[in-house]
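Topology and contacts: notes
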Amino acid sequence: MINALLVAVSEASLRSHLREDLPLVILGSIIAAAGAAAVVVHLSRWESRERVLLWLGLFAGPYGVRLLTNTLPFQLAFGEPQRFWPFVSRLVDLATIVPALLLFEVFYGKGLRSSIRWLIRAYLVFATIAFATIVIRNRPDLLPAAGIGTVFLLPAILLLGLLMGYKPPQAQDQGVLFLGLLALFLSFAHDRIASARLFDWRANVEPYGLFVLVCCLGYAATRRVFANERQLASLGEEMREATRIQSLILPRRIPETGSLHVAVRYAPMTAVAGDFYDFLEVRPGCLGIVVADVVGHGVSAALVASMVKVAVSSHMGVGAEPGKVIAGLNSTLCRTARGQYATAVYVFLDEAKRTGYYSAAGHPPLLLWHRATRTLTKLDETGLLLGVRPIEEYAQTEFRLETGDRLLVYTDGMVEAANSRDEAFGEFRLDEFITTYQHLPAEQFAERLLNEVLAWAANARTSTQADDITIVVIDIDSTREQTAFYRRKI
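All of these numbers come straight from a predicted model, not from anything done at the bench. The numbers attached to residues start from 1 for each chain and follow its sequence in the written order. Given that the model is predicted, a residue must reach a pLDDT of at least 70 before its local features are reported, and side-chain atom pairs must reach 80 or more before they are shown or counted; all residues, however, enter totals for whole chains, interfaces and linings. With hydrogens and water set aside, each side-chain value is computed from the structure's full complement of heavy atoms.

**Structural notes on empty space enclosed by the protein**
With a 1 Å grid spanning the protein atoms alone, the term cavity applies to any set of points in which a 1.4 Å probe fits but cannot get out, the term pocket to an open set with protein on both sides within 12 Å along at least five of seven lines, and the term lining residue to any residue with an atom within 4 Å of a point. Grid points are joined across faces, edges and corners, and a volume is the space filled by probe spheres set on the points. Summed over all chains, the structure comprises one cavity of 30 Å³ or more. One number sums up the size of the largest cavity: a volume of about 40 Å³. Surrounding the largest cavity, M307, V308, A311, L329, T332 and L333 form its lining. Only runs of H or I of at least four residues qualify as helices and only runs of E of at least two qualify as strands under DSSP, and these elements are numbered from the N terminus. When residues of the lining of the largest cavity are traced back to their parent elements, those giving at least two are α10 (298-314) and α11 (322-336).

If you want it as structure tokens, here you go:
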């Protein structure tokens, strides 16, 4: 009879413990899964500087696992914890306070005079000493529950900040986040005080507080994701529109003249670019060519390039005088876009006189290939970058043109393209390319040169293009001769 009674009591006690621990098993599983998911999502978007999901995962994941292992169903299923487990449990208990404080710092800020950051540093020192003491003394229950000090220090810091006028940064769904943090803090404080046995309280409320925080953070994170998606969609639409508008500022056709044969290749680094080129048909038999490279990339550089387009059009009247065109571009840029800089070159070609004139502002040199003598001339006279000083004079340099000559105008993105060994394509390889493929007509030459540069850059550590590339090739009265020579080479 006594044995039967004891068995009945044991079974009743077991069922009672199972019923009590079942909610904790469910909570522990949810919290651990949520923590793991938060870390995975954070790692999938590593470039983001936002660390909310990381700190949440590092706090919730280990906490959920520790909560599960302390329940009776888990112990019945997997056996009693090994002797070392109490030490692991205390380590997790001590360590999870750090990401919890860092998570709080994300929403509250660093506090008055970086008080939150100082609290984190002080706790790290305490946690290190505490765990070392526990291991040395072989007493996992030697010290009170972790974080008991923060229960009193954190409210004191918040109250001091409030009295001293500290204002936390504004955040979306701040009220919801505050509710979750308050629920966690109150439940955390309750259980830490209960663990210290200061009052006759039972320490089993904290998991519910953490669950409330996870729900609040999930709600806020979901709303933030949807808001970011809407913002990204809007930005994508704006970028497509910016790309369309920029395509309109580039020439729609390449000018056709009697003895000048022009080919252009344009490879922007991103959807919008800071490189720009245009042609001015100043008068019959004369052609003006402008190539500019705005310092920087993306939308801001593209906007400045649009300004250069407007400025070029407004200087049509002095299109035969490159020095005045470049000076006008510089004046416009200094006046309308202060702090923005660009390199530029303007070339004026006179077919009848077989003469060219150019003026440059910090731009890479023009390359003139003389087919008759098989020599390459660098036209490297240049002046100050555009946008530095509003009143600046730019020299104008003359050069001669002969039948079969080829003029190459480009931006520095071509010669600076680097491979995986950080070796630039460079001027030497460009000179060799011009010599090797001088027999190709302008179109085939420009196409092959661009492909060569892009293939060189494709061997870099990143697959993305490092800079915008613009190539303008002008052949002087050589179409028939070069085409026949090109066919013979094939």
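**Some points on helix α14 (residues 442-457)**
Note on helix geometry: an α-helix contains 3.6 residues per turn, so any two residues three or four positions apart are oriented the same way. Here a helix's expected span is defined as the number of its residues, less one, multiplied by 1.5 Å. Taking 1.5 Å per residue as the helical rise, α14 with its 16 residues ought to reach 22 Å, and the 23 Å between its terminal C-alpha atoms agrees with that figure. Each residue is placed in one exposure class: buried if its accessible area under a 1.4 Å probe, protein chains only, is under 20% of its type's maximum, exposed if it is over 50%, and partly exposed if it falls in between. Three or more residues of α14 are buried, namely A442, F445, A446, L449, L450, V453, W456 and A457. The arc enclosing the buried residues of α14, seen along the axis, measures out at 130°, which places them on a common side. This arc describes the spread of directions from the helix axis toward the C-beta atoms.

**Quick notes on the sheet that holds strand β1 (residues 260-267)**
Hydrogen bonds between backbone groups are what pair the strands of a sheet, and the pairing can be parallel or antiparallel. The antiparallel open sheet is built from five strands, whose spatial order is β1-β10-β9-β6-β7. At either margin of the open sheet sits one strand with a lone partner, and together these are β1 and β7 (375-379). Ignoring strand direction, the axes of neighbouring strands in this sheet form an average angle of 15°. In this sheet, strand β10 (residues 469-476) lies alongside strand β9 (residues 406-410) in antiparallel orientation, the contact comprising five bridges. Residue pairing across strands places V409 opposite V472, the latter belonging to β10. Strands in contact with helix α13 (residues 426-436) are β6 (366-370), β7 and β9; relative to β6, the strand with the most contacts, it is inclined by about 30°. One bridge is not enough; two strands pair if DSSP finds at least two bridges between them. Interaxial angle, 0 to 180 degrees, is taken between N-to-C directions of lines fitted to C-alpha atoms, where a helix line uses only the stretch in contact. By definition, residues are in contact when any of their heavy atoms lie within 4.5 Å.

**Focus: the sheet that holds strand β2 (residues 275-283)**
Ordered in space as β2-β3-β4-β5-β8, the five strands form an open sheet in which the pairing is antiparallel. Of all the strands in the sheet, the pair left with one neighbour each is β2 and β8 (397-400). With direction set aside, neighbouring strand axes in the sheet form an average angle of 20°. With four bridges joining them, strand β5 (residues 355-361) and β8 adopt antiparallel strand pairing. Residue T355 lies in a different strand from β8, and its bridge partner there is R400. Packed on one face of the sheet, α11 meets β3 (286-294), β4 (342-350) and β5 and runs near 155° to β4.

**Re the side chain of S259**
As for its placement among the helices and strands, S259 is situated in the loop between α9 (206-249) and β1. In this structure, S259 is in contact with E351, R354, D475, I476 and D477, ignoring residues within four places of it in sequence.

In short, the description is geometric, and any link to function would need to be established separately.
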